[in-house]
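Fold and contact review
Next come the chains, spelled out residue by residue.
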Protein chains: 2
Amino acid sequence: MDEKIIYEFGKKTDGNASMRALLGGKGANLAEMAQLGLPVPPGFTITTAMCTDYQVRKAIHPELKVAIKTAIAHVEAQIGKKFGDVNNPLLFSVRSGARESMPGMMDTILNLGLNDQTVEGFAKTTGDPRFAYDCYRRFIQMYGDVVLGVGADSDEENDPFDAILTEAKQKKHVQFDTELDAEDLKQVIVEFKALIQKKNRGIFPQDVFQQLEGAIGAVFGSWNNERAILYRQKYNIPSDWGTAVNVQTMVFGNASNTSATGVAFTRNPANGTNEFYGEYLINAQGEDVVAGIRTPHPIAQLEQEMPEAHKSLLEIRRKLETHFTDMQDFEFTVENGRLFMLQTRNGKRTGLAAIRIALDMVKEKLIDQKTALLRIPAESIASLLVPVFDPVSESKAKCIAKGLPAGPGAACGKVVFTADRAEEMAKAGYKIVLCRAETSPEDLRGMLVSEGILTSRGGVSSHAALVARQMGKVCVCGAGDLTIDYQKKTITRDSVQLKEGDFISINGSTGEVFEGEIQTMPSEVMQVLNGTLAADKSETYRMFNQIMEWSDSNRQLSIRANADTPQQAAVAFMFGAEGIGLCRTEHMFFNGNRIDSMREMILADNEEQRRKALDKLLPLQREDFVGIFKAMKGHPVIIRLLDPPLHEFLPHDEPTIAALSKAIGLSVDEIKRRSNALAEQNPMLGHRGCRLGIAYPEITEMQATAIFEAAAEVMKSSITVQLEIMIPLVGFVRELKNQIEIIRAIGNKVCSKNLINIPYRIGSMIENPRATVRAHEIAKEAEFFSFGTNDLTQLTLGISRDDMGKFYRAYTQHEIFTVNPFTTIDIAGVGELVKLAVERARKVKPTLEIGVCGEHGGDPKSVEFFHEAGLDYVSCSPNRIPIVRLATAQAALKHHR
Amino acid sequence: MDEKIIYEFGKKTDGNASMRALLGGKGANLAEMAQLGLPVPPGFTITTAMCTDYQVRKAIHPELKVAIKTAIAHVEAQIGKKFGDVNNPLLFSVRSGARESMPGMMDTILNLGLNDQTVEGFAKTTGDPRFAYDCYRRFIQMYGDVVLGVGADSDEENDPFDAILTEAKQKKHVQFDTELDAEDLKQVIVEFKALIQKKNRGIFPQDVFQQLEGAIGAVFGSWNNERAILYRQKYNIPSDWGTAVNVQTMVFGNASNTSATGVAFTRNPANGTNEFYGEYLINAQGEDVVAGIRTPHPIAQLEQEMPEAHKSLLEIRRKLETHFTDMQDFEFTVENGRLFMLQTRNGKRTGLAAIRIALDMVKEKLIDQKTALLRIPAESIASLLVPVFDPVSESKAKCIAKGLPAGPGAACGKVVFTADRAEEMAKAGYKIVLCRAETSPEDLRGMLVSEGILTSRGGVSSHAALVARQMGKVCVCGAGDLTIDYQKKTITRDSVQLKEGDFISINGSTGEVFEGEIQTMPSEVMQVLNGTLAADKSETYRMFNQIMEWSDSNRQLSIRANADTPQQAAVAFMFGAEGIGLCRTEHMFFNGNRIDSMREMILADNEEQRRKALDKLLPLQREDFVGIFKAMKGHPVIIRLLDPPLHEFLPHDEPTIAALSKAIGLSVDEIKRRSNALAEQNPMLGHRGCRLGIAYPEITEMQATAIFEAAAEVMKSSITVQLEIMIPLVGFVRELKNQIEIIRAIGNKVCSKNLINIPYRIGSMIENPRATVRAHEIAKEAEFFSFGTNDLTQLTLGISRDDMGKFYRAYTQHEIFTVNPFTTIDIAGVGELVKLAVERARKVKPTLEIGVCGEHGGDPKSVEFFHEAGLDYVSCSPNRIPIVRLATAQAALKHHR
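Note that this is a predicted model, so its numbers are computed, not measured. (Residues numbered from 1 in each chain as written. Chains lettered and ligands numbered in written order. Predicted model: local features only at pLDDT ≥ 70, side-chain atom pairs only at ≥ 80, totals over all residues. Heavy atoms only, no water.)

1. Examining the sheet that holds strand β11 (residues 328-335) of chain A
Residues and elements named next belong to chain A. One open sheet accounts for five strands, arranged β10-β9-β8-β11-β12; its pairing is antiparallel. Where the open sheet ends on each side, the last strands, each with one partner, are β10 (297-298) and β12 (338-346). Contacts between helix α12 (residues 307-324) and the sheet are confined to β11 and β12, with β12 contributing the most and set at about 30° to the helix. (Pairing = 2+ DSSP bridges. Helix = DSSP H or I, 4+ residues; strand = E, 2+ residues; numbered from the N terminus. Contact = heavy atoms within 4.5 Å. Axes fitted to C-alpha atoms, helices over the stretch in contact; angles between N-to-C directions.)

2. Details of the side chain of Asp 803 of chain A
By the element assignment, Asp 803 of chain A lies in the loop between α32 (789-797) and α33 (805-813). Put simply, Asp 803 of chain A is tucked away with no salt bridge, and the nearest opposite charge, on Lys 806 of chain A, sits 5.4 Å away. Beyond its immediate chain neighbours, meaning those up to four positions away, Asp 803 of chain A contacts Glu 680, Gln 681, Asn 682, Pro 683 and Gly 686 of chain B. (Buried < 20%, exposed > 50% of the residue type's maximum accessible area, 1.4 Å probe, protein only. Lys, Arg positive; Asp, Glu negative; His and termini not counted. Salt bridge = Lys/Arg side-chain N within 4 Å of Asp/Glu carboxyl O.)

3. Quick word on the sheet that holds strand β20 (residues 483-485) of chain A
Residues and elements named next belong to chain A. Overall, antiparallel pairing links the three strands, which are arranged β20-β21-β22 in an open sheet. Edge positions in the sheet fall to β20 and β22 (496-499), since each has one partner strand and no second. Strand after strand, the sheet turns through a mean of 15° between neighbouring axes, direction not considered. Where β20 lies against strand β21 (residues 490-493), three bridges are found, and the strand directions are antiparallel. When the sheet's bridge partners are listed, Ile 484 is paired in β21 with Ile 491.

4. Regarding the pattern of salt bridges
Summed over all chains, the structure comprises 125 salt bridges over all chains. Note that Arg 842 of chain A and Asp 872 of chain A form a salt bridge whose closest N and O atoms lie 3.0 Å from each other. One end of the pair, Arg 842 of chain A, is in helix α34 (residues 827-844); the other, Asp 872 of chain A, is in the loop between α35 (860-868) and β33 (873-876), and 30 residues separate them in sequence. Across the salt bridge formed by Arg 622 of chain B and Glu 709 of chain B, the nearest N and O atoms sit 2.3 Å from each other. With a gap of 87 residues between them, Arg 622 of chain B in helix α24 (residues 607-632) and Glu 709 of chain B in helix α28 (residues 697-716) connect regions that are remote in the sequence. Classification of Arg 622 of chain B as partly exposed rests on a relative accessible area of 23%. Under the relative-accessibility criterion, Glu 709 of chain B is labelled buried at 19%. Each member of the salt-bridge network shares a partner with another, and the members are Arg 130, Asp 134, Arg 137, Arg 138, Lys 169 and Asp 177 of chain A.

5. As for the confidence of the model for chain A
When pLDDT is averaged across chain A, the result is 91; 99% of the residues are at 70 or more. Model confidence for the complex is summarised by a pTM of 0.83, with the ipTM given as 0.82. (pLDDT = per-residue confidence, 0-100.)

6. Quick look at the packing of helix α23 (residues 594-603) of chain A against helix α25 (residues 654-664) of chain A
Residues and elements named next belong to chain A. Contact geometry for α23 and α25: axes closest at 10 Å, N-to-C directions at 85°. Overall, the two elements α23 and α25 adopt an arrangement that is roughly perpendicular. Of α25, the residues touching α23 (which contributes Asp 596, Arg 599, Glu 600 and Leu 603) are Thr 656, Leu 660, Ala 663 and Ile 664. For the contact of α23 with α25, a count of residues per class yields four nonpolar, one polar and three charged. (Parallel < 35°, antiparallel > 145°, perpendicular 65-115°, else oblique. Nonpolar A, V, L, I, M, F, W, Y, C, P; charged D, E, K, R; others polar.)

7. Digging into the interface of chain A and chain B
One widely used convention gives an interface's size as the accessible area the parts lose upon coming together. Across the contact, 48 residues belong to chain A and 48 residues belong to chain B. Taken together, both faces of the contact between chain A and chain B bury some 4,400 Å²; the carbon and sulfur share is 57%. In this structure, the connection of chain A to chain B is made through four salt bridges. Close ionic contact of Arg 770 of chain B with Asp 826 of chain A constitutes a salt bridge, the shortest N to O distance being 2.7 Å. Applying the counting rule to chain A against chain B returns 32 residue pairs in polar contact (both at pLDDT 80 or more). When residues of the side of chain A that touches chain B are traced back to their parent elements, those giving at least two are α26 (668-678), α27 (690-695), α29 (733-754), α30 (769-773), α32, α33 and α34 of chain A. For the side of chain A that touches chain B, the leading source of residues is α34 of chain A, giving five residues. Looking at the side of chain A that touches chain B residue by residue, the classes come out as 22 nonpolar, 13 polar and 13 charged. (Buried area = accessible area lost by both parts, 1.4 Å probe. Polar contact = N/O pair within 3.5 Å; in protein donor to acceptor, adjacent residues only side chain to side chain.)

8. A closer look at the relation of the copies chain A and chain B
Of the transformation placing chain A onto chain B, the axial shift is 0.0 Å and the rotation is 180°, giving an RMSD of 0.1 Å. Such values leave the two copies arranged in the relation of a two-fold axis. Taking C-alpha positions as reference, the residue of chain A nearest the rotation axis is Asn 682 of chain A, located at 2.1 Å. A share of 100% of the interface residues of chain A reappears at the interface of chain B, consistent with the copies meeting face to face through the same patch. (Least-squares fit on C-alpha atoms with pLDDT ≥ 70 in both.)

9. A short note on the environment of Pro 103 of chain A
Residues and elements named next belong to chain A. Inspection of the secondary structure puts Pro 103 in the loop between β5 (92-98) and β6 (108-112). Given a relative accessible area of 12%, Pro 103 falls into the buried group. Along the sequence, Pro 103 and His 463 sit 360 residues apart, while their C-alpha atoms lie 8.0 Å from each other.

10. What to know about the state of the cysteines
Residues and elements named next belong to chain B. Scanning the entire structure with this criterion turns up zero disulfides over all chains. There is no disulfide at Cys 435, and the cysteine sulfur nearest it, in Cys 475, is 11 Å away. Taking the relative accessible area as the measure of exposure, Cys 435 reaches 0% and is therefore buried. (Disulfide = S-S within 2.5 Å.)

11. Section: the packing of helix α4 (residues 118-126) of chain A against helix α5 (residues 129-146) of chain A
Residue and element names in this part refer to chain A. In the contact formed by α4 and α5, the axes pass within 8 Å of each other and the chain directions differ by 140°. Overall, the two elements α4 and α5 adopt an arrangement that is oblique. Between α4 and α5 the crossing geometry is right-handed. Contacts between α4 and α5 involve Val 119, Glu 120, Phe 122, Ala 123 and Thr 126 on the former and, on the latter, Pro 129, Phe 131, Ala 132, Tyr 133, Cys 135 and Tyr 136. Taken together, the residues of the contact of α4 with α5 sort by class into nine nonpolar, one polar and one charged. (Left-handed = near helix turned anticlockwise from the far one by under 90°.)

12. Brief notes about the nonpolar core
Counting 289 residues, the largest nonpolar core has Phe 629 of chain A together with Phe 629 of chain B as its most contacted members. Broken down by element, the residue count for this core peaks at 11 residues, all from helix α28 (residues 697-716) of chain A. Non-local contacts of Phe 629 of chain A, meaning those with residues more than four positions away in its chain, are made with Val 637, Ile 639, Ile 707, Ala 710, Ala 711, Val 714, Ile 719, Val 721 and Leu 723 of chain A. Tyr 133, Val 146, Leu 185 and Tyr 231 of chain A belong to the second largest nonpolar core, which has 87 residues in total. (Core = buried A, V, L, I, M, F, W, Y, C linked by side-chain atoms within 4.5 Å.)

13. Considerations on the packing of aromatic side chains
All names here are of chain B. Here the structure, examined in full by the defined rule, presents 48 aromatic pairs over all chains. Taking the centre distance of 4.8 Å and the plane angle of 75° together, the rings of Phe 161 and Phe 192 count as edge-to-face. Of this pair, Phe 161 sits in helix α6 (residues 160-172) while Phe 192 sits in helix α7 (residues 182-198), and the two are 31 residues apart along the sequence. With 6.3 Å between their ring centres and 20° between their planes, Phe 276 and Phe 330 make a pair best called stacked. Linking Phe 276 in the loop between β8 (260-265) and β9 (277-282) with Phe 330 in strand β11 (residues 328-335), this pair joins segments that are 54 residues apart in sequence. Judged by relative accessible area, Phe 276 falls into the buried class, the value being 15%. (Phe/Tyr/Trp six-rings, centres within 6.5 Å; stacked < 30°, edge-to-face > 60°.)

14. A look at the pairing of strand β18 (residues 452-455) of chain A
All names here are of chain A. Of the two faces of β18, the one holding Gly 452 and Leu 454 and the one holding Ile 453 and Thr 455 are both buried throughout. Bridging between β18 and strand β19 (residues 474-477) involves three bridges; their strand directions are parallel. Bridge pairing links Gly 452 to Val 474 in β19.

15. Let's talk about unusual backbone geometry
Keep in mind that most residues, glycine aside, have a negative phi and that most peptide bonds are trans. All names here are of chain B. The backbone of Lys 365 shows a phi angle near 60°, a positive value even though the residue is not glycine. Topologically, Lys 365 is positioned in the loop between α13 (351-363) and α14 (369-375). In this model, Glu 815 sits at a positive phi of 55°, which is unusual for a non-glycine residue. In this structure, Glu 815 sits in the loop between α33 (805-813) and α34 (827-844). For Glu 815, a relative accessible area of 8% gives the class buried.

Written out as structure tokens, the structure is:
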């Protein structure tokens, strides 16, 4: 091994916070804390490189085994205990720790080093045999589950170890684990070991090094368990990063009543308020706090219960924020009155909290404006725009419980209790709220499709709260007054009972839970933008506005909107659009009964019939464009000519066909015959885009006439028109030339007829792979480019978005798709063609305006790519514009160009 | 003008044969002949650059007008006549002449310079007023048609000028034009001029310079007439080449009975025999010979009629072949006993003739082997392989006429008389023979879709013969005993009458025309290859074999075949395939009733059901592969895993569904429900290719098992197996990895079970654009690449071959497609991606074997591209292999690598 494979921390510390890639987030920060002089129990980190090695070797590298022994010796020297010593045994925790935190996704083992001998020594040194045997049975249980695979099956509700424990309590007629004494626990341990053997998973090992190697292997292996893969997919974490393993001296929050364990945030992770926030449990071990079995106490209470520890924590909170200049989420343990730091990391937070913390830290001069912008996930802006409950409707609703406000916003939906049911109902189109006593990683799929999440147990660091923060879901957790019964499928509070399918409403900003459906209303930001609320009355608007201002002063990409109607255009301008990047003319044809004329045109048997129908459409299209131009108020607007396959416009159900027959005077049979003749095997690859206007130039003529006549009309009323006409699906430069010729001829005709000069440009969509390789040719004729990345993705990947469902699941499972390529642009594939096209086009026309109008234009990660690729603007749906304003600024800050 | 725009020929000659691009073929060769001292009437050539200029300017460049006057002055000085001189006028012909000969596609004007005054001087100097006025009326007629657009409409059978002429003859009760005297013709001229005015096409110009400019403009304009565009498309002539214009002193083959005009070939263009070949007419003007109005005399007869001229022609024939070292097609005119050369060019020839001439010229040491190979169009090889009439069947058939053998081969089909009807019948699936009195460019479309062409008028230089030679069509022309009546739609010979739709058979090698249907049999080459004819008995086989031998010693690309059955494989090897480049497993599933198991597998609701059905398919697939491996005899074979969307295999008609229901025990309703669930919006972009084996790994497992077990079985009988397994539609390297893992696991299992080592390689199809940009990644995992250019074309262009029909015609009309991109690879678009992929792949794996298995692998032009792109082999359908052997050699000779 050339590289260092183990990094120690403690008295001598090898790593630091910058080494996340190699040591994982947890390992790097343990090292950093040790360097800072914070009380970190000594231990060592096995690098992520060893994880990658493990995936190939399916075993621990021989050299790693040797290095582990050396590192253990160093810890032993610091602590004065020996690993496996029957008299005074050194115990370890073994924890995963990836580059990015993946809470609850991978495995952890505590109390490692106990066996039938050492447990006796441990009992002696702690003077508490009950405690020692409890640690031992916990260890066997965890080891049995994680390393030997003897755990609860996902569909089997009860953990088999828990079953043994429960039986022991029943036999003794007691309620709590703590009521079992050392002898009881010894018997439990015997049964635990028997269970493992019965399940044919080998024998629980007595050799402590064998224990350790088993645990390390299991942690490495858990990198590829199903939920870890699902998590990586959602958050785009590459599978080749791997996880590090942290082996650390055990400290015990459950050693006595002067012991405790807790989780704290340097600020409120739900709303961002600058307050010390967190929770703890007296006499408890690590996972108890997060697991939600006992509801922990809020951190403030520690001041009374353990004033010394509380004082130290406040000092540590200050140190951490000053040092890391970001909100920290840390774990601590008090062992017999002595405080230890077990972990710190940048705290996950809701969108609202991210925004408030970033803005506050600028005010506090902890970070500068640019850092603040980079620290707010662009999607967070959505949390300032989501609807809130309508106060009138809310005041009438019955509040049935109050929990912790863990994910701000208002959510209303039908009650469901399981992830499977959640997925079913969501698929059927229902809005749902997932209601669980507590959530676990198995619920992830269900949480993804829910409007909001409600739990009756667990605090702000519970799984539900954590995931909700990360997903930006509305969440109320630990609403302990509610009884959630999975068997009966009910939520009960006194006389109130909600069943599966009933409506429930939750306010994640206040923690309130309501029976029934509550109307929502626009967020404060929307109210200010709509003019129904004064700007200075809203703190939320102030934050929104601050970020938008900073973003605009940093970004280099322009932002346009995809809008097909004057209404949509108005929303776009309200959110700060600088123009319309895509106005789809096809949607206009569906308005009112004009679809009849459209259908008549499509069903025409010859040019004459077609022209007759087009003549009817002309005044309607003109009217649409007049509306658009007026709404633009002089901003540029790109109008795209008719794009979709004509067959899409035709009716398929008998009543509509009959009505059409009457309307256009063509027999039902004839309509069906012609409609069948127009059907295509692969409409996406068929007669659409500019192919329509080339085969039927009269369509382009009609559209151009409508556009130019509308422009002339609007210009005559002294409104500026910045017109850009876009030709879809160009692959050959001659296609573009053909359409340009038709449009210019019409333009000249309308201009001279109206004695007016309409300035306009004609550009090309770049949405088929051929166009990207011939970009230099097309650029010579085009006055602008606009990437249609939806089609470009479909063609480059050879995948129809509509038909992807059949293999999408397999593709994400096998990590062929690490992200949905229709959500975030496939940089390695489609992106290569985008870059090629930009490069080739700019070589012949350096000043060519190039933008993107596919849905990727609204996706922050894709926006970053478009910035790097040198585009001039992105165009997205109106309600994505605030998010994209921030995303473009972040792109500019990350990649100066 | 910086460039020279006019090149003179005559006493002083500016150009030569190498200047085709600038002077066109005709102009360059007129110059060359003049340089050689052959008797060329003086004149000048206007460059093709001026044609391009004309297309933009829509008028003649002012400087060209000046240059024309200078050039005319030089001709006047040589000839001693003046242009427009009322006493002794100089007359010109004005002819088009493109870089590649486009016979009959563009316009020609003769006798230019005649007007109401000069015609009188011309009458005096020739001493033949009838002749002079006949020239004048011909000139007006041509000028009226070509320049002023007063001609026969395509659907109007009679030329309006001809109508006047016919009326004049009827009035005078005479039959032939020659029976009209000068006074009659003067009256005809008056009426001609009146017709022009009546049709509102301006006035026939009296100014000779105006005449000349009009004629030049019309020739330039004819470059873009519809039939010229159609022709260019068929022969891939770029529209920007333009045509030159040749202005040449008129000589008159119709001046007297010691005058003549003719067309000759230095060798027989129909079968390639080394004999002087051609035809002439006494007292006739240029176009008369080609037009087929009078049937000309064979050239041999000239020895009797004009021994001097004949002797000179023999000498010229020798000079031309020695000089141009290729078969020449030339035009000559004898004016009052004096011979003039009007044109020479490389003669168009049938495939058979091309082959024989090339081989003979090597023997005669005129050209070397490599030149010979390059001179044979690769497609010509097909003419050695086309079926011939079965002698038994032929001997029973009634021969009803004999014409000239103008296009070798045997054709049999239904009689049709018009191009429109030909297109209709061909579309309906009938084999047809187009029967015309004579053909014109309007018939081109009809000729394209016919099995063969029969004319009752015209000789070997007639339009029909010319086009047939070029298209490789079977053709008999000038079968003068037949009366073809368009109105009655009959062909009559004595008592025999054939109606439209009746069968007719023509032998283009002998000129025989038969009533009814004659059976065909394999060509001599096929008979030798099949072993039913001794090689030394067949001259055709000797030629075939010679070319194949030379080709193989020159080519650098390997050749494989696309073959799915042992039978196809056998044909491929007979033709010289070096392996199987594509064995599609899907076709196997349609054999017999195994389709039921396939359908059962497709309709399976879960993995268990699917495995059950796959188990039934396994032995059948194994059997198929055993057959294939045996047929291979140790040659490499690439087996592609299941590719098409599963829905394609399902039945859609009620009876088949009912039968399937019985066979697999699934209700009709359930079959329909599941079938509907499998339907896709764009199946080409849906669940197919490797996506099948990734979502349903059990399919890949079954196929891999069948392949390896078959290989093991065959290897045990001591037959070598060179196995290559190919994964379709890979876009992401992880797709390939996924399938490789499954296949290798099965491979190991089968090998160890059978105690045998099966050598095999796993490769990737490169057929989606993403694969081309990620080729460097995919190459790391793949052991070979094979371009699937059908899919790659569909995706790169965004065009489905199945749905292209709706706009294909518009796309060829507008020259967006200059060639069908599914026939010849789109080098500028798809080709760019192919080159990119090769470059990227070879960078990481320089020795990677790369081939192509799309249908483009059988297209000579595409093959040339694949050679240049650095591929290792092409794979094509078995019957294309001989053609591809020559094409690969030509590619290697053109582009040494």
